[in-house]
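# Secondary and tertiary structure notes
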Amino acid sequence: MAFTLATWNINSVRLRAGLVETLLTQEAPDVLCLQECKSPVDQIPLERFAALGYGHMVARGQKGYNGVAILSKLPLEDVGDRDFAGLGHSRHVAARLENGVVVHNFYVPAGGDEPNREKNEKFGQKLDYLSEMRDWFHEGRPEKAILVGDLNIAPREDDVWDHKKLLKIVSHTPVEVEALNAVMEAGAWVDVTRQDITEGKLYSWWSYRAKDWSAADKGRRLDHIWATPDISSSAYGSRILRDARGWEKPSDHAPVFATFDV
DNA sequence: ATGGTTGGCGTCCAA
């Protein structure tokens, strides 16, 4: 059975419920993983999504910050969440599809502005979060699993608009890239997006602060779709819906897609 | 070197 999955940092699911409806209507992924819902779970407008065929949801939320949700046309089993780095934030949730595939939805801490854990506690929390992800996947090697989300790191030189200019900018520093690569190695995760789109600049996020985000095109690939080796070769059709960044009152992130024939 | 924008909450914090 082939199914298409998308991941999108929505930056408030209540404010942008209309954009979620647009995406579900126009692109019709089977599963949509959202981050930064900024809403308690019981205030997510599930009825509006259910009316479009997305009646299944597994989510974790808190008031005002963070929050992750998995919306699906297909039945989901809630398989729990982890509070990496003990932050008490809603940044992870996992669900199992009926074909046995487990989907992990992550919102990794952004890490503040200063890439120095002595001066900036948030940067330390980001690195700790990634270390605990690494340790968890090392303890129990995942199988038939997909990991998606806003990982807040652009690992490759062609994942940012200017590699040299961003080496000291949080999201592209060598220590973060190493930490993310350690997570990948621990779980033997395959970067599905880059398996499909092997070359060239590729971005999923553009700052709100740019005057003309599209013309300036100073993007970063912060949003990822990974899979374990047993299913990664079944993936195809990866793409980033850049158009969504230009929709009315957009999120600063664009949705990332992949299809799996498991 | 700096400031630029957005959302949620509440008179500022996180991104």
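Residues numbered from 1 in each chain as written. Chains lettered and ligands numbered in written order. Predicted model: local features only at pLDDT ≥ 70, side-chain atom pairs only at ≥ 80, totals over all residues. Heavy atoms only, no water.

You'll find chain A entered in an unreviewed UniProt entry as Exodeoxyribonuclease-3, with Sagittula marina given as the organism. In its Sequence similarities (unreviewed entry) section, the UniProt entry covering chain A states "Belongs to the DNA repair enzymes AP/ExoA family." (UniProt positions renumbered as here; feature names shortened; annotations may be inferred.)

Relative to the helices and strands, A17 is located in helix α1 (residues 17-27). Assessed through its relative accessible area of 1%, A17 is described here as buried. Spatially, the C-alpha atoms of A17 and L130 are 30 Å apart, while their sequence positions differ by 113 residues. Discounting residues that sit within four places of it in the chain, A17 has contacts with P45, R48 and F49. (Helix = DSSP H or I, 4+ residues; strand = E, 2+ residues; numbered from the N terminus. Buried < 20%, exposed > 50% of the residue type's maximum accessible area, 1.4 Å probe, protein only. Contact = heavy atoms within 4.5 Å.)

When the UniProt feature table is mapped to this numbering, "site: Transition state stabilizer" (unreviewed entry) covers N152. The contact partners of N152, leaving out residues within four places of it in the chain, are Y107, V108, P109, A110, K126, S171, E176 and L222.

Attention now goes to the UniProt feature "domain: Endonuclease/exonuclease/phosphatase" (unreviewed entry) in chain A. Mapped onto this numbering, the UniProt entry annotates "domain: Endonuclease/exonuclease/phosphatase" (unreviewed entry) at residues 6-253. Counted over residues 6-253, helix gives 25% and strand 23%. Its end C-alpha atoms are 12 Å apart.

Among the six residues of strand β7 (residues 102-107), six are classified as buried, and the element is accordingly described as predominantly covered. Judged by which residues are buried, β7 turns out to be covered on both faces: V102, H104 and F106 on one side and V103, N105 and Y107 on the other are all buried. Bridge analysis of strand β6 (residues 92-97) against β7 gives five bridges, and the strand direction is antiparallel. Counterpart to A94 in the pairing with β7 is H104. Linking β6 back to β7 in an antiparallel pair, the connection comprises four residues, with G100 at a positive phi of about 95°. In this structure, β7 lies alongside strand β8 (residues 145-150), joined through six bridges in parallel fashion. Across the sheet, V102 pairs through a bridge with A145, a residue of β8. Once the chain exits β7 it traverses helix α3 (residues 121-139) before rejoining the sheet at β8, and the crossover so formed is right-handed. (Pairing = 2+ DSSP bridges. Right-handed = clockwise from strand over helix to strand, strands pointing away.)

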